[in-house]
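Working through the structure, step by step
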Amino acid sequence: MVLPFQSFAQRQRIEPWTESQLMSPPELAKIINESSKPTTYIFSIGPTGLIKNSIDIGEGKEKANLDRLKKQVDKLPLDARIVIYCGCCPFDKCPNIRPAFNLLNEMKFTNHKLLNLPKNLKVDWIDHGYPINE
Amino acid sequence: MILSIRFLVIVAILFHSGIPETLAQSQGLEIGNIAPEISLPAPDGNFISLSSLRGKLVLIDFWATWCGPCINEQPLLARLYKKYGESEFTKAQDFEIYGVSLDTKKASWEKSIRKMKIDWIQVSDLKFWGSPIAETYDIQALPFNVLIDERGVIIAKNLHGKALEQSIEILIKK
């Protein structure tokens, strides 16, 4: 039941990420295209690792895949630049991003981000011509 | 909602009965166009083309095992397939579903087909959103579907639930 005096913000889903932890697609595309930038670790926690230089972990809704992600990032310093993405569907329907982002929160990473693909990987990445794995 | 369903059904009837032959000869994504050809492999590796289904009423269902709403829709498609599969329509004979999966992993795709007992046509190039077919059909989100008549002409797009069922029902030969 939604109480009438609840504010709009209170009725919103509380996400494990903050606004500043959302990375825009052009920003990530720029990072990928400029190899002189410090290393950014890009992990796909969706159906496939389509984005260039990303590591395909598997869908974040599966515990086995979360274990794989944990193993991949375990060796990284806590301030490592990490970007995760899914892109299967709009954020509100995606079953993968929250478990994966929560894991990084729990591991106390300080510089991890979620790629902002509000609709999906096709509309928000491929259709813009951003780099993909061939 | 009811009004919009009625509107869509009326549109489908009008288009089905009144699409000029000249319009129906051009390929495109608009209602009245011939649906672009698709020819992709089934799980057994054999290619099945959309054009091989001429003469039937065909629902092209774009889906994927990683798409929750698509999975939720499969029981409805199973019911429609069972109900209308061998029906006689005003112009078409039989109803077929041509499932195009945007999956990436063949094992997941096959597992879901088995688990959900999908017995209609299934094809995929396993290229996710990178599939050329997703580009050809300008798919912006899943699930997405296209209903085509016996000539391969698009008569409705992206209908779900009751709107989809009514659009098929209305074409049954009385």
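Each remark here, short or long, concerns the structure printed above.
Residues numbered from 1 in each chain as written. Chains lettered and ligands numbered in written order. Predicted model: local features only at pLDDT ≥ 70, side-chain atom pairs only at ≥ 80, totals over all residues.

Attention shifts here to the pairing of strand 2 (residues 40-44) of chain A. Residue and element names in this part refer to chain A. Relative to strand 4 (residues 81-85), strand 2 is paired through five bridges, and the arrangement is parallel. Its bridge partner lying in strand 4, Thr 40 is registered against Arg 81. Where strand 2 meets strand 3 (residues 55-56), two bridges bridge the pair, whose relative direction is parallel. Bridged to Phe 43 within strand 3 is Ile 55. (Pairing = 2+ DSSP bridges. Helix = DSSP H or I, 4+ residues; strand = E, 2+ residues; numbered from the N terminus.)

Moving on, we get to the interface of chain A and chain B. Counting residues at the interface gives 15 residues for chain A and twelve residues for chain B. Split into classes, the residues belonging to the side of chain A that touches chain B amount to nine nonpolar, two polar and four charged. (Contact = placed C-beta atoms within 7 Å. Nonpolar A, V, L, I, M, F, W, Y, C, P; charged D, E, K, R; others polar.)

Turning our attention to the packing of helix 3 (residues 63-74) of chain A against helix 4 (residues 97-106) of chain A. Residue and element names in this part refer to chain A. Contact pair helix 3 / helix 4: the axes reach a minimum separation of 10 Å and the direction vectors enclose 35°. Helix-helix and strand crossings are classified by hand; for helix 3 and helix 4 the assignment is right-handed. Mapping the contact onto sequence places Leu 66, Leu 69 and Lys 70 in helix 3 and Pro 99, Ala 100 and Leu 103 in helix 4. In terms of residue class, the contact of helix 3 with helix 4 is built from five nonpolar, no polar and one charged. (Axes fitted to C-alpha atoms, helices over the stretch in contact; angles between N-to-C directions. Left-handed = near helix turned anticlockwise from the far one by under 90°.)

Attention now moves to the pairing of strand 3 (residues 57-63) of chain B. Within a regular strand, the side chains alternate between the two sheet faces. All names here are of chain B. Across the seven residues that make up strand 3, a large majority, seven, are buried. Of the two faces of strand 3, the one carrying Leu 57, Leu 59, Asp 61 and Trp 63 and the one carrying Val 58, Ile 60 and Phe 62 are both buried. In terms of strand pairing, strand 3 meets strand 4 (residues 95-101) through seven bridges, oriented parallel. Across the sheet, residue Ile 60 finds its bridge partner in strand 4, namely Tyr 98. Chirality of the crossover, the property in question, places the unit of strand 3, helix 2 (residues 68-84) and strand 4 among those that are right-handed. Across five bridges, strand 3 lies against strand 6 (residues 144-148) in antiparallel orientation. When the sheet's bridge partners are listed, Asp 61 is paired in strand 6 with Asn 145. (Buried ≥ 20, exposed ≤ 12 C-beta atoms within 10 Å, placed from the backbone. Right-handed = clockwise from strand over helix to strand, strands pointing away.)

Let us look at the sheet that holds strand 6 of chain B. All names here are of chain B. The strand order across the open sheet formed by five strands is 5-4-3-6-7, and the pairing between neighbours is mixed. Looking at strand neighbours, the two that pair on one side only are strand 5 (121-123) and strand 7 (154-157), the edges of this open sheet. Across the sheet, the axes of successive neighbouring strands diverge by a mean angle of 20°, strand direction being ignored.

Attention now moves to the sheet that holds strand 1 (residues 22-23) of chain A. Residue and element names in this part refer to chain A. A sheet is described by the order of its strands in space; here five strands give the open sequence 1-5-4-2-3, paired in parallel fashion. Two strands in the sheet have a free side with no partner beyond their single neighbour: strand 1 and strand 3. Taken together, the two bridges between strand 1 and strand 5 (residues 112-115) define a ladder with parallel strand orientation. Note on strand 5: the bridge partner recorded for Leu 22 is Leu 114.

Residues and elements named next belong to chain B. Here Ile 118 lies in the loop between helix 3 (106-115) and strand 5. Accessibility expressed as a C-beta count within 10 Å gives 18 for Ile 118, which makes it partly exposed. With 17 residues separating them along the chain, Ile 118 and Glu 135 place their C-alpha atoms 25 Å apart. If sequence neighbours within four positions are ignored, Ile 118 has contacts with Gln 74, Gly 99 and Ile 113.

Interpretation note: all reported values are geometric properties and have no functional meaning in isolation.
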